[in-house]
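Listed below are the residues making up each chain.
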Amino acid sequence: MPRMSSESVQHEVWESLGESDPDWAVLTDQRRRNRGWENDLDAFYATGSAEIRDVLAALPAGVGRGVAVDWGSGTGRLTFALAEHF
């Protein structure tokens, strides 16, 4: 049997996680494995808000905040938080 490239394996794993446990694939907390985020999506998205708040607070003074681009393939954890500021 031919050996799969590491890129093919990564793609297969990501696709599998996206189907079986998408929020955990975005934020891997062992306590939330096997769709553990599904029953507490407010907490899931709150982690994104906290992360964006921390990043924005760490920006040097004078750095503009006109437009943000979020390029990802997740479930919107950071996108929704960015939308609150931009």
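Analysis parameters
Residues numbered from 1 in each chain as written. Predicted model: local features only at pLDDT ≥ 70, side-chain atom pairs only at ≥ 80, totals over all residues. Heavy atoms only, no water. Helix = DSSP H or I, 4+ residues; strand = E, 2+ residues; numbered from the N terminus. Rg over C-alpha atoms; globule rule 2.2 N^0.38 Å. Buried < 20%, exposed > 50% of the residue type's maximum accessible area, 1.4 Å probe, protein only. Salt bridge = Lys/Arg side-chain N within 4 Å of Asp/Glu carboxyl O. Polar contact = N/O pair within 3.5 Å; in protein donor to acceptor, adjacent residues only side chain to side chain. Contact = heavy atoms within 4.5 Å. pLDDT = per-residue confidence, 0-100. Patch = residues over 30% accessible without salt bridge, like charges linked within 9 Å, V, L, I, M, F, W, Y side chains within 5 Å. Areas by Shrake-Rupley, 256 points an atom, 1.4 Å probe, with all protein chains shown as cover.

### Some details on the overall build of the chain
Stage number 1. Within the chain one finds four helices and zero strands.
Stage number 2. Traced from its N-terminal end to its C-terminal end, the chain shows the element sequence α-α-α-α.
Stage number 3. For 86 residues, the compact-globule formula gives about 12 Å, and the C-alpha radius of gyration of the chain, at 16 Å, lies well above that figure.
Stage number 4. In terms of overall dimensions, the chain has C-alpha extents of about 55 × 30 × 15 Å along its principal axes.
Stage number 5. The proportion of buried residues among the 86 residues of the chain is 17%.

### Describing the pattern of salt bridges
Stage number 1. Under the defined criterion, the tally for this structure stands at four salt bridges.
Stage number 2. For the salt bridge of arginine 32 with aspartate 40, the shortest nitrogen-to-oxygen distance reads 3.4 Å.
Stage number 3. Taking the relative accessible area as the measure of exposure, aspartate 40 reaches 31% and is therefore partly exposed.
Stage number 4. The partner of glutamate 38 in a salt bridge is arginine 35, with the nearest N and O atoms 2.2 Å apart.

### Structural notes on the side chain of arginine 32
Stage number 1. Mapping arginine 32 onto the fold places it in the loop between α2 (22-26) and α3 (41-58).
Stage number 2. At 3.4 Å, the side chain of arginine 32 and the side chain of aspartate 40 are in polar contact.
Stage number 3. The residues contacting arginine 32, other than those within four sequence positions of it, are Asp21, Trp24, Trp37, Asp40 and Ala43.

### A closer look at the confidence of the model for the chain
Stage number 1. The pLDDT averaged across the chain works out to 89; a share of 99% of its residues lies at or above 70.
Stage number 2. For the chain, per-element mean pLDDT is lowest for helix α1 (residues 6-20), which scores 85, and highest for α3, which scores 95.

### Overview of a nonpolar patch on the surface
Stage number 1. A contiguous nonpolar patch, built from Met4, Val9 and Val13 and spanning about 240 Å² of accessible area, is present on the exposed surface.
Stage number 2. Among the structural elements, valine 9 can be located in helix α1.
Stage number 3. You can call valine 9 partly exposed: its relative accessible area is 38%.

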